Amino acid sequence: MKEIIVDILTYIKTNLSDELTIEEVAGHFGYSKYHFSREFKRLTGFSAADYLSSIKIERAKQELLKQNFSVTDSSFDAGFSSLGTFSTTFAKKTGLSPREYKKQVESLYGITKEYERKYPCTLHYYSEEKNTEKNNQLSLTIHYPENYESSITFAGLFRSPIPNHKPIVGTALTQTNRHTFTHIPDGDYYLLVCSIEKTMNPLRYFVLNECLRGKVEEVLHFPSSEHSHVEVHLRPPLPEDPPILINLPKLLADSFPFRNL
């Protein structure tokens, strides 16, 4: 399967509107569902079911941002047969219901641009209350392609190689390529980074399929003496990359003191 994994990922992305199932994908490529699922996770690091669900939500996000697309239209176009399942999955992965997401795009975009303008610094995010008793640290240096102008760069430690949930620890960078994560909870994490290029197009802040991204290939273990500093080189997206589903503007709005903006 290793030789055709890119073909499999591409097939999934291009056949969502047919209410695609893992069993159907496996059969299309001549595998049983069990063997396909096992090998898929071994090769990619994430399950086929989680990938399919995440790709559907990424497609739905794109459709929701079209003015003439309703929540119902978006759900069926993304391959969901149940509006209830769509709404529940969407909220779980983005932090907002589909209707809230569509309604709040303009205000969240404004908050993000204001953050870029007023906060030229490094901010820290914790999905849970910061545990100051934990001394786990990790310093990060991000390398950008030549002549690339970053608007805002997000980096975080995730429990899954698919960034479809809030990071355990995260940061938003505007005028620096360095950051040190502190008070990291004990556990195993994936370090993922994505950057939005300077743009006046608000949609680029919500649908992140074209943004630069990078990661640390191996799982990071804390506490650990193996990793005190890592470097990530950002690159354009590849066909085999999983979707970036976290609602980054919403994460900023919820996590930092914007009430006075």
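Each remark here, short or long, concerns the structure printed above.
Description of the structure in this document. (Residues numbered from 1 in each chain as written. Predicted model: local features only at pLDDT ≥ 70, side-chain atom pairs only at ≥ 80, totals over all residues. Heavy atoms only, no water.)

**Things to note about the packing of helix α4 (residues 48-64) against helix α6 (residues 83-94)**
Next up, step 1: At their nearest, the axes of α4 and α6 sit 10 Å apart, and the two run at 95° to each other. The orientation of α4 with respect to α6, classified from their angle, is roughly perpendicular. Where α4 abuts α6, its residues D50, S53, S54, I57, A60, K61 and L64 lie against F86, T89, F90, K93 and T94.
Next up, step 2: For the contact of α4 with α6, the class distribution of residues is 5 nonpolar, 4 polar and 3 charged. (Axes fitted to C-alpha atoms, helices over the stretch in contact; angles between N-to-C directions. Helix = DSSP H or I, 4+ residues; strand = E, 2+ residues; numbered from the N terminus. Parallel < 35°, antiparallel > 145°, perpendicular 65-115°, else oblique. Contact = heavy atoms within 4.5 Å. Nonpolar A, V, L, I, M, F, W, Y, C, P; charged D, E, K, R; others polar.)

**Some words on the packing of aromatic side chains**
Each aromatic ring pair is specified by the distance between its two centres and by the angle formed by the two planes.
Next up, step 1: If you walk through the whole model with that rule in mind, you get 13 aromatic pairs.
Next up, step 2: Aromatic side chains F80 and F86 sit 5.2 Å apart centroid to centroid with 55° between the ring planes, which places their arrangement in the tilted category.
Next up, step 3: Ring pairs connect the aromatic residues Y31, F36, F40, F46 and Y51, which therefore count as one cluster.
Next up, step 4: Sitting above the plane of the F80 ring, K56 keeps its charged end 5.2 Å from the centroid. (Phe/Tyr/Trp six-rings, centres within 6.5 Å; stacked < 30°, edge-to-face > 60°. Lys NZ or Arg CZ within 6 Å of the ring centre and 35° of its normal.)

**Notes on unusual backbone geometry**
Next up, step 1: With an omega dihedral of 0°, the bond running from F222 to P223 counts as a cis peptide bond.
Next up, step 2: Among the secondary structure elements, P223 is positioned in the loop between β8 (220-222) and β9 (229-233).
Next up, step 3: Non-glycine residue N147 carries a positive phi angle of around 70°.
Next up, step 4: Overall, the relative accessible area of 73% leaves N147 in the exposed class.
Next up, step 5: Phi at H183 takes a positive value of approximately 55°, unusual for a residue other than glycine.
Next up, step 6: Within the fold, H183 resides in the loop between β5 (178-181) and β6 (187-197). (Buried < 20%, exposed > 50% of the residue type's maximum accessible area, 1.4 Å probe, protein only.)

**Observations concerning α6**
Residues that lie three or four places apart on an α-helix share one face, since the helix turns once every 3.6 residues.
Next up, step 1: With 12 residues, α6 extends 16 Å from end C-alpha to end C-alpha; this agrees with the ideal 16 Å at 1.5 Å per step.
Next up, step 2: Looking only at α6, the buried set comprises F86, T89, F90, K93 and T94. Along the axis of α6, the buried residues cluster in a sector spanning 105°; they form a single face. Facing away from the buried side of α6, by more than 90 degrees, are the exposed residues T88 and K92.
Next up, step 3: On its buried side, α6 packs onto α4, α5 (71-77) and α7 (98-118).
Next up, step 4: Sitting at the head of α6, S82 places a side-chain oxygen 3.3 Å from the backbone nitrogen of G84.
Next up, step 5: Positive backbone phi, at 85°, marks G95, one or two positions downstream of α6. (Expected span 1.5 Å × (residues − 1). Arc of directions from axis to C-beta. Polar contact = N/O pair within 3.5 Å; in protein donor to acceptor, adjacent residues only side chain to side chain.)

**Some words on the pattern of salt bridges**
Next up, step 1: Within this structure, the stated rule accounts for 7 salt bridges.
Next up, step 2: When the shortest N-O distance is used, the salt bridge between E39 and R42 registers 2.7 Å. You can see E39 and its partner R42 sitting in helix α3 (residues 33-44), 3 residues apart, about one turn around the helix.
Next up, step 3: Looking at E39, the relative accessible area reads 13%, which means it is buried.
Next up, step 4: One salt bridge connects R235 with D241, and the closest N-O pair in it is separated by 2.9 Å. (Salt bridge = Lys/Arg side-chain N within 4 Å of Asp/Glu carboxyl O.)

**Digging into the pairing of strand β4 (residues 169-173)**
Next up, step 1: Counting buried residues along β4, 5 of its 5 residues qualify, which places the element largely inside the surrounding structure.
Next up, step 2: Neither face of β4 is exposed, since V169, T171 and L173 on one face and G170 and A172 on the opposite face are all buried.
Next up, step 3: When strand β3 (residues 150-158) meets β4, the two strands line up antiparallel, connected through 5 bridges. Paired with L157 across the bridge in β4 is V169. (Pairing = 2+ DSSP bridges.)

**Remarks on the sheet that holds β5**
Next up, step 1: The mixed open sheet is built from 3 strands, whose spatial order is β5-β2-β9. This sheet does not close on itself; its edge strands, each paired only once, are β5 and β9. Going from strand to strand, the sheet's axes swing by 25° on average, the running direction of each strand aside.
Next up, step 2: Two strands pair when backbone bridges link them, and strand β2 (residues 138-143) and β5 are joined in this way by 4 bridges, in the antiparallel orientation.

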